[in-house]
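Examining the three-dimensional arrangement
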Amino acid sequence: MTYCGIDVGKNWGWGIYNPEMGILHGSEKFQTLVHFEERIRHLIMGLDVNAVVTCRAMGRNQQVIRFHSAMAAIVEYFCEKHGISYFDVADGSMRKVVIGKGNAKKPEVMAFLKIENEHAADAMCGAKYLAAITI
């Protein structure tokens, strides 16, 4: 199984985890919703992903929530269209499962996963969360 975590935002991250093949991760600066959809298609279809989770921090202002929701909706639509399992989970829930501490701060997540970029680390946390809950 191949799992993908997407950390939505102006600087968004992605993490791909396959227990047999290892990890890939990265982050990108948001350009447009069309470009974001193209990148999602490339990541998910190009790496034969079986399940996707979007990672969203809670308690942000309305404009940020709306922007994050638009990005998450693109991922959800894409997954539904292609028959790929989709989840939308709060950061704290994923951190609790993967790290054992739901209120872990970004530096703790980065250190635990040994990933230097905060957005890629959150996304990888999502991918590993999916692996943990589906095993």
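Above this text you will find the structure in question.
Read on for an overview of the structure. These figures come from a predicted structure and were not determined experimentally.

Analysis parameters
- Residues numbered from 1 in each chain as written.
- Predicted model: local features only at pLDDT ≥ 70, side-chain atom pairs only at ≥ 80, totals over all residues.
- Heavy atoms only, no water.
- Phe/Tyr/Trp six-rings, centres within 6.5 Å; stacked < 30°, edge-to-face > 60°.
- Helix = DSSP H or I, 4+ residues; strand = E, 2+ residues; numbered from the N terminus.
- Buried < 20%, exposed > 50% of the residue type's maximum accessible area, 1.4 Å probe, protein only.
- Lys NZ or Arg CZ within 6 Å of the ring centre and 35° of its normal.
- Axes fitted to C-alpha atoms, helices over the stretch in contact; angles between N-to-C directions.
- Parallel < 35°, antiparallel > 145°, perpendicular 65-115°, else oblique.
- Left-handed = near helix turned anticlockwise from the far one by under 90°.
- Contact = heavy atoms within 4.5 Å.
- Nonpolar A, V, L, I, M, F, W, Y, C, P; charged D, E, K, R; others polar.

1. Remarks on the packing of aromatic side chains
Aromatic ring pairs: the centre-centre distance and the angle between the two ring planes describe each pair. Tallying each qualifying case throughout the model produces two aromatic pairs. Between W12 and F36 the ring centres are 4.9 Å apart and the planes differ by 85 degrees, which places this aromatic pair in the edge-to-face class. You can see W12 sitting in strand β2 (residues 11-18) and its partner F36 sitting in helix α1 (residues 33-46), a full 24 residues away along the chain. Assessed through its relative accessible area of 1%, F36 is described here as buried. Note on F30 and F67: the rings are 4.9 Å apart at their centroids and 85 degrees apart in plane angle, and the pair reads as edge-to-face. One end of the pair, F30, is in the loop between β3 (22-29) and α1; the other, F67, is in helix α2 (residues 62-81), with 37 residues separating them in the sequence. Comparing F30 with F67 shows no difference in burial state: the two are buried. In this arrangement the basic side chain of K10 is found over the ring face of F67, its NZ or CZ atom lying 4.4 Å from the centre. The ring of Y17 has K128 sitting right over it, with the charged end atom 5.0 Å from the ring centre.

2. Remarks on the packing of helix α3 (residues 91-98) against helix α5 (residues 118-134)
Between α3 and α5, whose axes approach to 9 Å, the crossing angle comes to 60 degrees. Between α3 and α5, the angle is such that the two are oblique. As for how α3 packs across α5, the hand of that crossing is left-handed. In this structure, α3 uses D91, S93, M94, R95, V97 and V98 to contact α5, whose residues at the interface are D122, C125, G126, K128, Y129 and A132. Residue composition of the contact of α3 with α5, by class: six nonpolar, two polar and four charged.

Purely spatial values, then, with no claim about function.
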